[in-house]
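Observations on chain architecture
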Amino acid sequence: YYILMKKKTLFFILFFLFAQLVNSFAVEKIVFIDINFIFNNSEAGKDLKSQISKKNDDLQIEINKFKTEIEEKRKKILSQQNVLSVDEYNNKVKNLEDQINDVNLIIKKKRGDLKIYQTKVENNFSKSLNTLIEEYSLENSIDIILNKKDLLMAKKDLDITEKIFDLFNERIKKINIK
């Protein structure tokens, strides 16, 4: 019985050591990447940001033009208040309010369109970047790639942002949005 217990104990010790040895060889390769850096600094990312900024600026110009026109119309109506009959004055005020509501609906729709466009930009950029990252991870036997913004702390040598950034700039000059 004593010899049998020794063999079982020896077996468990060897099994435990073997399991530890296998575990130490099965370490996964984990790295991280700063996707925002690539979007903000790559040629394609800068181009996309510029397109979004232009659309936003154009919308803001349109809004400011509308505000100026409305203010001029409001002042004109106020200046005519003593000359017009009450019904005419109220009618002009009502028409101005209707114009304001119509333009506000148009602006709301254009802001929604801009938001949809931004989402398309982000999706197309992500697809292009993800394809490249997937290829890179296969070539370099990487098991897990994390986004830097989701990390609390990691070793700098696990950061592959520069490598992916260089590859992205080399392969993807422009991303077309449809």
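Residues numbered from 1 in each chain as written. Predicted model: local features only at pLDDT ≥ 70, side-chain atom pairs only at ≥ 80, totals over all residues. Heavy atoms only, no water.

Let's shift gears to the overall build of the chain. Secondary structure summary: the chain contains 5 helices and 2 strands in total. Helices and strands appear in the chain in the N-to-C order α-β-α-α-α-β-α. Looking at the chain as a whole, 23% of its 178 residues qualify as buried. A total accessible area of about 13700 Å² is found for the chain, and carbon and sulfur atoms account for 57% of it. (Helix = DSSP H or I, 4+ residues; strand = E, 2+ residues; numbered from the N terminus. Buried < 20%, exposed > 50% of the residue type's maximum accessible area, 1.4 Å probe, protein only. Areas by Shrake-Rupley, 256 points an atom, 1.4 Å probe, with all protein chains shown as cover.)

I38, F125, I164, F168 and I175 are the most contacted members of the largest nonpolar core, which has 23 residues in total. Those elements giving two or more residues to this core turn out to be β1 (30-33), α2 (35-41), α3 (43-79), α4 (86-139) and α5 (161-171). Here this core takes 7 residues from α4, the largest share from any one element. When near neighbours in sequence (up to four residues on either side) are disregarded, I164 contacts I33, I38, L129, L132, I133 and Y136. F66, I77, L84 and L96 belong to the second-largest nonpolar core, a separate cluster that totals 10 residues. (Core = buried A, V, L, I, M, F, W, Y, C linked by side-chain atoms within 4.5 Å. Contact = heavy atoms within 4.5 Å.)

Let's shift gears to the pattern of salt bridges. In total, this model carries 8 salt bridges according to the counting rule given. D47 is the salt-bridge partner of K174, the closest N and O atoms lying 3.0 Å from each other. Highlighted residues: K174 in the segment after α5 and D47 in helix α3, separated in sequence by 127 residues. Among the salt bridges present, the one from K110 reaches E62, with a minimum N-O distance of 2.7 Å. Taken together, the residues K110 in helix α4 and E62 in helix α3 connect sequence positions 48 residues apart. Looking at K110, the relative accessible area reads 33%, which means it is partly exposed. (Salt bridge = Lys/Arg side-chain N within 4 Å of Asp/Glu carboxyl O.)

Attention now goes to the environment of K29. Mapped onto the elements of the fold, K29 is located in the loop between α1 (2-25) and β1. Separated by 115 residues in the primary sequence, K29 and I144 have C-alpha atoms spaced 6.5 Å apart.

Our focus in this paragraph is the confidence of the model for the chain. The predicted structure's coordinates, where accompanied by low pLDDT, should not be read in detail. The predicted model of the chain has a mean per-residue pLDDT of 83, with 84% of residues at 70 or higher. Confidence drops under a pLDDT of 50 for residues 21-26, and excluding neighbours within four residues, the segment shows 0 contacts in the predicted structure. (pLDDT = per-residue confidence, 0-100.)

Our next topic: a nonpolar patch on the surface. A cluster of nonpolar residues, I30, I144 and L146, forms a patch on the protein surface that exposes about 200 Å² of accessible area. Of note, L146 is situated in strand β2 (residues 144-147). The class for L146 is partly exposed, based on a relative accessible area of 35%. (Patch = residues over 30% accessible without salt bridge, like charges linked within 9 Å, V, L, I, M, F, W, Y side chains within 5 Å.)

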